[in-house]
Amino acid sequence: MNFVIEGRKPASVFRFFEEISAIPRPSYHESGIADYLVAFAKERALECYRDETNNVLIKKPATKGKEQLPAILFQGHTDMVCEKNADVEHDFLTDPLKLYVDGKMLRAKGTTLGADNGIAVAIMLAMLDGEIEAHPAMECLFTTAEEVGLDGANNFDYSRIAARRLVNMDSEALGRITAGCAGGLRSDITLPCKAKHFAGHAIRVAISGLMGGHSGENINSGRANANKLMGRILAALWGEQKFALVSLSGGSKDNAIPRECEALLAVADADSAVDAITECAAEIANELSADDKGFRVICEDAEEEAVMMDEESTLRAITLLSTVQNGVITMSKQVQGLVEFSRNLGVIRTEGDQITFTLSTRSSIESQLDASIDELELFAKLLGASIRHHGRYPGWSYAKTSAIRDAYLAAYREIVGGEAAIDVIHAGLECGVISSKLPDMDMISVGPDMFDIHSPDEALDLDSVEKFWQIVERLIATL
């Protein structure tokens with residue numbers, strides 16, 4: 001294997017990252033990476049457990065003189081968000097990622113990088129491979145399907161965990177310690193559509209070029225949602241002339257702010273439709289933030305289809321798309337600058353005679369999630385749609401005192417200098433699940449600097465990985 005990362009220490013961390021980047025690992029397709037982890041443990045005669053959902057737990061005994069110290073658990077997830085640019089050919093089920101170094105940043109060509117959370121996997125492998133000379137008993141838990149609802153963490157048998165100190169490595173800022181997170185759930189609103197014979201002119205409307213990003217971390221960044229922008233464009237067109245939807249699709253992951261959306265329409269007057277769409281797109285372009293400067297709308301002729309949706313179905317779809325709440329709903333009243341309650345219309349799919357709209361709702365308050373369920377159910381009923389809620393996961397409450405947090409703060413201070421910030425985030429972390437299973441677990445979530453995760457612009461700061469390793473190494477030495 002030809003490695004692209006050179007001159008970085010410890011070399012094993014970067015070697016392992018490149019090796020796992022060659023293994024496809026979308027959510028629910030982690031068997032290949034699980035095979036790799038089991039083989040790794042077997043080669044080193046380490047205790048290993050793999051469950052039916054491909055979670056893998058590997059244990060390494062304490063080194064001499066550290067046997068009496070309590071064990072420590074390190075944890076990260078093996079799956080990755082699989083996003084690519086529209087013009088990139090890449091099959092995430094079969095193709096390795098194409099990594100390249102851009103200055104001090106590591107990126108993948110036209111796709112997500114998978115540093116979320118592949119860097120945690122690589123660091124744990126380096127630890128287990130003997131890169132840390134002296135340490136207490138270490139347990140490394142590699143979980144699955146984190147990006148689609150924390151499913152792996154939810155299904156793991158925690159009776160196998162002895163440690164009561166946890167370092168989760170699924171955060172994205174070197175100078176920040178995460179000490180609490182939001183809970184959330186997914187909701188699928190399915191709208192039945194009646195069909196009629198196709199009539200009129202077929203046009204394709206496609207939105208692209210938006211920044212996108214993580215639907216929790218970036219929900220308050222002002223980045224536009226392609227699905228919601230399509231709702232605005234179609235609502236504007238409906239005010240000019242009646243038309244029929246043929247199909248609607250947008251986004252690929254409910255936990256990613258969608259960058260692209262496409263609609264196939266049947267219109268009576270193609271020229272005036274294009275004019276109305278172009279005018280609305282120009283208005284939108286003037287309103288967007290600098291992050292979305294690549295925004296563009298293509299409106300072009302398309303091949304006619306056999307059927308289209310009737311007027312009532314089209315109107316219901318436009319109404320749902322343009323009016324469902326999206327983005328920040330409530331800011332925290334206790335933590336300044338923290339989003340408390342949000343929603344992301346992440347995915348739209350037309351399949352046969354129905355359109356499904358998938359939303360990700362997040363809140364640090366469980367009662368708000370309950371209220372959101374009630375609200376969306378009434379909304380769906382009003383539009384004659386069905387709704388299914390799934391993938392609910394708990395939040396993680398901030399602990400006023402934490403020995404592992406204090407130890408990490410001291411290690412950070414010694415290696416980096418200055419103070420690390422302590423944050424509660426508006427995103428789901430497996431710490432919430434683990435806390436619900438092991439309430440006495442003392443935990444933090446940390447990591448090196450990553451940027452634009454869940455998008456093809458994802459980047460990993462290689463300098464920060466080296467620094468992060470030194471902090472973790474120092475943390476272990478002081479336990």
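Everything in this summary refers to the structure shown in the same document. Since the structure is predicted, the reported quantities are computational estimates derived from the model, not experimental observations.

Turning to the overall build of the protein, a few remarks are in order. Counting its secondary structure elements, the protein contains 11 helices and 25 strands. For 479 residues, the compact-globule formula gives about 23 Å, and the C-alpha radius of gyration of the protein, at 24 Å, lands near that figure. Dimensions of the protein along its principal axes, counting C-alpha atoms only, are 80 × 50 × 45 Å. In the protein, which comprises 479 residues, the proportion classed as buried is 57%.

Attention shifts here to the sheet that holds strand β5 (residues 105–108). Pairing between sheet strands relies on hydrogen bonds along the backbone, with the strands arranged either parallel or antiparallel. Pairing within the open sheet is antiparallel, and its 4 strands lie in the order β4-β5-β25-β24. Each end of this open sheet is capped by a strand with a single partner; those strands are β4 (99–102) and β24 (450–451). With 2 bridges connecting them, β24 and strand β25 (residues 459–461) associate as antiparallel partners. When the bridges of β25 are listed, M450 appears paired with L460.

Ranked by internal contacts, the top residues of the largest apolar core, which has 66 residues, are V13, F74, L125, M127, F142, V167 and Y408. Ranked by residues supplied to this core, first place goes to helix α3 (residues 115–131) with 11 residues. By size, the runner-up hydrophobic cluster in this structure holds 46 residues, among which are C193, I203, A224 and I355.

Another aspect to go through is the pairing of β4. Two elements, β4 and β5, share 4 bridges in a ladder whose sense is antiparallel. The partner of V101 across the bridge, within β5, is L106. Connecting the antiparallel pair β4 and β5 is a turn made up of 2 residues, with G103 showing a positive phi of about 65°.

One can find D292 in the loop between α6 (270–287) and β16 (296–301). This buried residue, D292, is left without a salt bridge; R223 holds the nearest opposite charge, at 6.1 Å. Side-chain polar atoms of D292 contact the backbone nitrogen of A224, separated by 2.7 Å. The contacts of D292, once residues within four sequence positions are left out, are L210, M211, G212, G222, R223 and A224.

Along the chain, K9 connects to P10 via a cis peptide bond; the corresponding omega equals -10°. Note that P10 resides in the segment before α1 (11–21). D116 connects to N117 through a cis peptide bond whose omega is 10°. For N117, the location among the structural elements is in helix α3.

Here we take up the pattern of salt bridges. For the structure on display, the rule yields 29 salt bridges. Residue R44 pairs with D129 through a salt bridge whose shortest N-O separation is 2.6 Å. In this pair, R44 sits in the loop between α2 (31–43) and β1 (47–50) while D129 sits in helix α3, placing the two residues 85 residues apart along the sequence. Accessibility expressed as a relative area gives 32% for D129, which makes it partly exposed. Residues joined in a network through salt bridges with shared partners are R15, E19, E43, R44 and D129.

Turning next to the side chain of H214. Relative to the helices and strands, H214 resides in strand β12 (residues 213–214). Among the polar contacts made by the side chain of H214, one reaches the main-chain amide nitrogen of G216 at a distance of 2.8 Å. Leaving out residues up to four positions away in the same chain, H214 has contacts with I219, N255, I257, R362, A427, I453 and H454.

For the rest of this paragraph, the subject is the environment of A179. Mapped onto the elements of the fold, A179 is located in strand β8 (residues 176–181). Those residues in contact with A179 that lie beyond four places of it in its chain are W396, S397, Y398, A399, R405, I422 and D423.

With that out of the way, let us pick up the pairing of strand β2 (residues 56–60). Across the 5 residues that make up β2, a large majority, 5, are buried. Covered by surrounding structure in β2 are V56, I58 and K60 together with L57 and K59, the residues of both alternating faces. Pairing geometry for β1 and β2, over 4 bridges, is antiparallel. By the bridge assignment for β2, Y49 is matched with L57.

Moving on, we come to the packing of aromatic side chains. With the rule as written, the count across this model stands at 4 aromatic pairs. Seen from their ring centres, Y49 and F156 are 6.1 Å apart, and the 65° between their planes marks the pair as edge-to-face. Of this pair, Y49 sits in strand β1 while F156 is found in the loop between α4 (151–155) and β7 (165–168), placing the two residues 107 residues apart along the sequence. Classification of Y49 as partly exposed rests on a relative accessible area of 22%. With a relative accessible area of 5%, F156 lands in the buried category.

Another point: the environment of L106. Here L106 shows up in strand β5. When neighbours within four sequence positions are excluded, L106 is seen to be in contact with I5, F17, L99, Y100, V101, L113, E458, A459, L460 and L462.

Together, E240, D269, D271, D275, E279, E283 and D301 make up a region of like negative charge exposed at the surface. Tracing the backbone through its elements, the reader meets D271 in helix α6. Residue class for D271 comes out exposed when judged on its relative accessible area of 60%.

Quick look at helix α11 (residues 462–478) now. Here α11 is 17 residues long and its end C-alpha atoms lie 25 Å apart, about the 24 Å a rise of 1.5 Å per residue gives. Where α11 starts, the residue carrying a side-chain oxygen 3.0 Å from the main-chain nitrogen of D463 turns out to be D461.

Moving on to the environment of M124. Secondary-structure assignment places M124 in helix α3. With a relative accessible area of 0%, M124 lands in the buried category. Linking M124 and M138, residues 14 residues apart in sequence, is a C-alpha distance of 9.6 Å.

Parameters at a glance
- Residues numbered from 1 in each chain as written.
- Predicted model: local features only at pLDDT ≥ 70, side-chain atom pairs only at ≥ 80, totals over all residues.
- Heavy atoms only, no water.
- Helix = DSSP H or I, 4+ residues; strand = E, 2+ residues; numbered from the N terminus.
- Rg over C-alpha atoms; globule rule 2.2 N^0.38 Å.
- Buried < 20%, exposed > 50% of the residue type's maximum accessible area, 1.4 Å probe, protein only.
- Pairing = 2+ DSSP bridges.
- Core = buried A, V, L, I, M, F, W, Y, C linked by side-chain atoms within 4.5 Å.
- Lys, Arg positive; Asp, Glu negative; His and termini not counted.
- Salt bridge = Lys/Arg side-chain N within 4 Å of Asp/Glu carboxyl O.
- Polar contact = N/O pair within 3.5 Å; in protein donor to acceptor, adjacent residues only side chain to side chain.
- Contact = heavy atoms within 4.5 Å.
- Phe/Tyr/Trp six-rings, centres within 6.5 Å; stacked < 30°, edge-to-face > 60°.
- Patch = residues over 30% accessible without salt bridge, like charges linked within 9 Å, V, L, I, M, F, W, Y side chains within 5 Å.
- Areas by Shrake-Rupley, 256 points an atom, 1.4 Å probe, with all protein chains shown as cover.
- Charge placed at Lys NZ, Arg CZ, Asp CG, Glu CD.
- Expected span 1.5 Å × (residues − 1).

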